[in-house]
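Structural description and commentary
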Amino acid sequence: MKLVGQQKPELLLTETHHMCPGCGEPLALRGYLEAIQELGLSQRAIAVAGIGCYTSFSMTTDVDLVQALHGRAPSVATGVKRMLPDSIVFTVQGDGDMVNEGLQEVLHTAARGEAVTCILLNNGVFGETGGHMTATSVIGQRTKNTLDGRDADYHGYPILIGDLLAQLQGAAYVARGSVHNAGAVARTKRMFKRAFQTQMDGGFSFVEVLTMCPTGWFIPTSEGPDYMSATLGEVHIMGELKVDGVVKSTDELHEENVRKAAEMEQALARGGIDT
Amino acid sequence: MSTVKSKGTVTIAVETCKGCELCIPACPPAVLTMSSTVNHLGYHYPELADGCTGCAACLLICPDFVFEVFREARSPAAGAAT
Ligand code: SF4
Ligand code: SF4
Ligand code: SF4
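**Comments concerning the overall build of chain A**
On a plain count of helices and strands, chain A comes out with eleven helices and eleven strands. A compact globule built from 275 residues would reach a C-alpha radius of gyration of about 19 Å, and chain A, at 17 Å, matches this within 12%. With the C-alpha coordinates of chain A rotated into their principal frame, the extents come out at 50 × 50 × 40 Å. For chain A, the residues scored as buried account for 56% of the 275 residues in total. Taking the contacts inside chain A whose residues are at least 6 apart along the sequence as the reference set, 66% of them involve residues at least 24 apart. Only carbon and sulfur atoms are counted for the fraction: they give 52% of the accessible area of chain A, which is about 11,200 Å².

Structure (structure tokens):
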């Protein structure tokens, strides 16, 4: 028998980590670290980490890394890239970090068309500080400070950051992945690869990933994927929102999602997904 | 003796498992079940029965890097999704 899937990504130093059971963030981490490795970029990659639960990987990720302050990662990434233009620079941020604390940083970085990649792990809550509402929490979502669900009249509407960035002329590639099932995880990894390729071609790229936070959502870990699909996933629609500067419609995204899900079912039935 | 042919197999690092159970419904032939005993962290962990296809769905959905997946070499025509 042939090894088809390694236990952990090579660019991660330890198998063990401090994330909660059922957390979606390590699944996204696997995706971008394997994408970097497979594209042969591990010696050129420089990560700029935001502040969130995922920051605990800053000590165990085997690529050069700069720790930024809350929300500031895209601006730090801009500086790193301009000083070291041959490097592959990417941010790792949560929705609290990127969309609440530092919204203008990512907007301006995209608008300027900086040749960096911004990665957003979106779970609709401030996971690290206890699970309260963020700017991406969807209407009706129960969080620590919206116990009866987010109310549009009182809390306002969610910011669909991927859709917003796709409208900016400076953004070349914008995608929204998800880790609610194995097929989606594999598809999200391909989005990371296209994003890094876009950066190598000189454009700004953005990959948002919907990730489970059962702790912040007050639900059993096993219900995380279905809960996410029924809440965040219904509003923040998965798919490649903008490719080569062309923005796709929501209908096109839905069609593509149905087709991709069917393809993945067939692949699993035939015997496997390439990891 | 088993009558189910396994086209693949997995290793399960039970001590790093946090018992989230995401791998259980992810497994297409349903050959993973949670253990009745617990690991040193106090979590139940998955156990493998015969019939694994080596599809890697469990590895892709496991947040705690518990699985390693092996697959029988197949003819290229069978093709895996990329
Ligand atoms: S609080 Fe949420 S995001 Fe943070 S580690 Fe736990 S599950 Fe993951
Ligand atoms: S490789 Fe596929 S068939 Fe084997 S245990 Fe994992 S999910 Fe199940
Ligand atoms: S998905 Fe991983 S951590 Fe969760 S129960 Fe299965 S093996 Fe354990």
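**Overview of the nonpolar core**
In this structure, Tyr-32, Phe-90, Phe-192, Phe-196 and Trp-217 of chain A together with Phe-67 of chain B are the most contacted members of the largest nonpolar core, which totals 73 residues. The element contributing the most residues to this core is helix H7 (residues 182-200) of chain A, with eight residues. Apart from the residues within four sequence positions on either side, Tyr-32 of chain A is in contact with Phe-90, Val-92, Ile-119, Phe-192 and Phe-196 of chain A. Counting residues in each nonpolar core, the second largest holds 25 residues, with Ala-68, Val-116, Ala-166 and Phe-206 of chain A among its members.

**Overview of the sheet that holds strand S1 (residues 2-5) of chain A**
The sheet built from three strands is open, its strands ordered S1(A)-S4(B)-S1(B) with antiparallel pairing. Bordering the open sheet on either side are S1 of chain A together with strand S1 (8-12) of chain B, each of which pairs with just one other strand. The mean inter-strand angle of the sheet, taken between neighbouring strand axes irrespective of direction, is 35°. Inspection of the sheet shows S1 of chain B paired to strand S4 (residues 67-71) of chain B by five bridges, in the antiparallel sense. Directly across from Thr-11 of chain B, in S4 of chain B, lies its bridge partner Glu-68 of chain B.

**Focus: the packing of helix H1 (residues 25-38) of chain A against H7 of chain A**
Residue and element names in this part refer to chain A. At their nearest, the axes of H1 and H7 sit 8 Å apart, and the two run at 45° to each other. Put simply, H1 runs oblique to H7. In this structure, the crossing between H1 and H7 has a hand that is right-handed. Along its contact with H1, which presents Ala-28, Gly-31, Tyr-32, Glu-34, Ala-35, Ile-36 and Glu-38, the element H7 presents Lys-189, Phe-192, Lys-193 and Phe-196. For the contact of H1 with H7, the per-class residue count stands at six nonpolar, one polar and four charged.

**Describing the pattern of salt bridges**
All names here are of chain A. Within the structure shown, the criterion is met by 15 salt bridges over all chains. Here Arg-187 and Glu-256 are joined by a salt bridge, their closest N and O atoms 3.9 Å apart. In this pair, Arg-187 is assigned in helix H7 and Glu-256 in helix H11 (residues 250-270), connecting sequence segments 69 residues apart. For Glu-256, a relative accessible area of 10% puts it in the buried group. Here Glu-256 ties to Lys-248 by a salt bridge, and the two come within 3.2 Å at their closest N and O atoms.

**Thoughts on the site of ligand 3**
Surrounding ligand 3, one finds 13 residues, the nearest of these being Cys-17, Cys-20, Glu-21, Cys-23 and Cys-62 of chain B. Its residues assigned to classes, the shell around ligand 3 shows nine nonpolar, one polar and three charged.

**Considering the interface of chain B and chain A**
In this complex, chain B contributes 38 residues to the contact, which on the side of chain A involves 42 residues. With both sides pooled, the region where chain B packs onto chain A buries about 3,100 Å², and carbon together with sulfur makes up 64% of that total. At the boundary of chain B with chain A, the tally comes to zero salt bridges. Where the side of chain B that touches chain A is concerned, the elements lending two or more residues are S1, helix H2 (57-61) and S4 of chain B.

Thresholds, definitions, all that
- Each chain has its residues counted from 1, running along the sequence as written.
- All chains are assigned letters beginning with A, and all ligands numbers beginning with 1, in the order in which they are written.
- The predicted nature of this model means local features are confined to residues of pLDDT at least 70 and side-chain atom pairs, given and counted, to a pLDDT of 80 or more, with totals for whole chains, interfaces and linings taken over all residues.
- Excluding hydrogens and water, the side-chain figures rest on all heavy atoms present in the structure.
- Only runs of H or I of at least four residues qualify as helices and only runs of E of at least two qualify as strands under DSSP, and these elements are numbered from the N terminus.
- The quantity called the radius of gyration is restricted to C-alpha atoms. Its globule counterpart is 2.2 Å times the number of residues to the power 0.38.
- Only protein chains enter the calculation, and the probe is 1.4 Å; a residue is then buried if its accessible area is under 20% of its type maximum, exposed if over 50%, and partly exposed in between.
- Residue contacts are counted whenever heavy atoms from the two residues lie within 4.5 Å of one another.
- To be clear on the numbers: accessible area is Shrake-Rupley with a 1.4 Å probe, and residue cover counts the displayed protein chains and nothing else.
- Only buried residues count toward a nonpolar core, which is a set of Ala, Val, Leu, Ile, Met, Phe, Trp, Tyr and Cys residues joined through side-chain atoms within 4.5 Å.
- Strand pairing follows a simple DSSP-based rule, namely that at least 2 bridges must link the two strands.
- Only the stretch in contact is used when fitting a helix axis, every axis being a line fitted to C-alpha atoms; angles between N-to-C directions are given from 0 to 180 degrees.
- In these notes the angle categories are as follows: under 35 degrees is roughly parallel, over 145 is roughly antiparallel, 65 to 115 is roughly perpendicular, and the rest is oblique.
- Crossing chirality is assigned from the near helix's rotation relative to the far helix, an anticlockwise turn below a right angle marking it left-handed and a clockwise turn marking it right-handed.
- For this scheme, ten residues count as nonpolar: Ala, Val, Leu, Ile, Met, Phe, Trp, Tyr, Cys and Pro. Four count as charged, namely Asp, Glu, Lys and Arg, and the remainder, Gly too, count as polar.
- The term salt bridge refers to a side-chain nitrogen of Lys or Arg lying within 4 Å of a carboxyl oxygen of Asp or Glu.
- Near is defined per residue: the residue qualifies when any heavy atom it owns lies within 4 Å of the molecule or strand.
- Here the buried area means the combined drop in accessible surface, using a 1.4 Å probe, for two parts upon being joined, counting both sides.

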